[in-house]
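# Structural characterization, general
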Amino acid sequence: MISDLFKERKVISFQGCIVQMFFIHVTGGTEMVLLIAMALDRYVAICRPLCYLTIMSFRTCILLLLAAWTIGIIHSLIQHVFVVSLPFCGPNEVDSFYCDLPRFIRLACTDTYRLELMVTANSGFISLGTFFILIISYVFILEQRNEGGSEEDTQSGVEFQEAVLSAFDFNKDKQL
């Protein structure tokens, strides 16, 4: 990919495009689930501090990590199962060093409206689902902090939540 930056014609092969899309979707889906795991960790640390070591044990952390990678792989497989079986005609080359699903689907020789809708729904589901779970967890944290915490503790929690939500990439659906 770096060598393509210096070439005039930037082309990626069909197989290279599939591999690149697969790994982008695996890491993107895993990232979304890890954000949820981080929100759970933060919730337990703030709202149940005395039970933190029991709830967030090494085993729980490993299970959350395995769940994140499993969901990321499943998300990517769902995206690719339908796309790879499309009938393609022509040179099957994407005129870019970066391959994403919309460019790849445009190479198909058939009507792809329903497929594009399904791919968008899959990406939207994982992105919006993660976003709403994050919002809900932070609402619980804010309620807990407002019930018994000092103003400085509440402000610290709010600053962290603003940082996480601002880091949440809303353009992720375009990549996923």
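Residues numbered from 1 in each chain as written. Predicted model: local features only at pLDDT ≥ 70, side-chain atom pairs only at ≥ 80, totals over all residues. Heavy atoms only, no water.

## Some words on the environment of alanine 37
Mapping alanine 37 onto the fold places it in helix H1 (residues 14-47). Looking at alanine 37, the relative accessible area reads 12%, which means it is buried. Placed 30 residues apart in sequence, alanine 37 and alanine 67 show a C-alpha to C-alpha distance of 9.6 Å. (Helix = DSSP H or I, 4+ residues; strand = E, 2+ residues; numbered from the N terminus. Buried < 20%, exposed > 50% of the residue type's maximum accessible area, 1.4 Å probe, protein only.)

## Things to note about helix H3 (residues 58-84)
Residue pairs three or four apart in sequence face the same way in an α-helix, which turns once every 3.6 residues. The first and last C-alpha atoms of H3 sit 38 Å apart over 27 residues, in line with the 39 Å expected at 1.5 Å per residue. Among all positions in H3, only Ala68, Gly72, His75, Ser76, Gln79, His80 and Val83 are buried. (Expected span 1.5 Å × (residues − 1).)

## Some remarks on the side chain of serine 76
Turning to its location among the elements, serine 76 is positioned in helix H3. Classification of serine 76 as buried rests on a relative accessible area of 0%. If near-sequence neighbours (up to four positions away) are discounted, serine 76 is found in contact with Met21, Phe22, His25 and Val26. (Contact = heavy atoms within 4.5 Å.)

## Concerning the nonpolar core
Judged by nonpolar contacts, the single largest core of 15 residues is most densely connected at Val83 and Phe104. Mapped onto this core, the elements with two or more residues apiece are H1, helix H4 (101-105) and helix H5 (113-148). Examining the composition of this core, we find that four residues originate from one element, H1, more than from any other. Residue contacts for phenylalanine 104: discarding those within four places in its chain leaves Phe14, Cys17, Ile18, Met21, Val83, Phe88 and Cys99. Judged by nonpolar contacts, the second largest core, of seven residues, contains Leu35, Ala39, Ile46 and Ile141. (Core = buried A, V, L, I, M, F, W, Y, C linked by side-chain atoms within 4.5 Å.)

## Points about the UniProt feature "transmembrane region" (unreviewed entry) in the chain
Sequence positions flagged by UniProt for "transmembrane region" (unreviewed entry) are, in local numbering, residues 12-38, 50-78 and 124-142. Secondary structure content for residues 12-38 is 93% helix and 0% strand, and the end C-alpha separation is 36 Å. The annotated region residues 124-142 carries 100% helix and 0% strand content, and the separation between its end C-alpha atoms amounts to 27 Å. (UniProt positions renumbered as here; feature names shortened; annotations may be inferred.)

## Overview of the environment of leucine 65
Structurally, the position occupied by leucine 65 is in helix H3. Put simply, leucine 65 and threonine 30 are 35 residues apart on the chain and 8.7 Å apart in space, counted from C-alpha to C-alpha.

## Some points on the packing of H1 against H3
The N-to-C vectors of H1 and H3 enclose an angle of 145 degrees; their axes lie 7 Å apart at closest approach. In terms of crossing hand, the pair formed by H1 and H3 is right-handed. Taken together, the residues of the contact of H1 with H3 break down into 17 nonpolar, eight polar and no charged. (Axes fitted to C-alpha atoms, helices over the stretch in contact; angles between N-to-C directions. Left-handed = near helix turned anticlockwise from the far one by under 90°. Nonpolar A, V, L, I, M, F, W, Y, C, P; charged D, E, K, R; others polar.)

## Quick word on a nonpolar patch on the surface
Together, Leu34, Phe58, Ile62, Leu63, Leu65, Leu66 and Trp69 make up a nonpolar patch on the protein surface, roughly 680 Å² of accessible area in all. Take the nonpolar patch: its biggest share by element is six residues, from H3. (Patch = residues over 30% accessible without salt bridge, like charges linked within 9 Å, V, L, I, M, F, W, Y side chains within 5 Å. Areas by Shrake-Rupley, 256 points an atom, 1.4 Å probe, with all protein chains shown as cover. Salt bridge = Lys/Arg side-chain N within 4 Å of Asp/Glu carboxyl O.)

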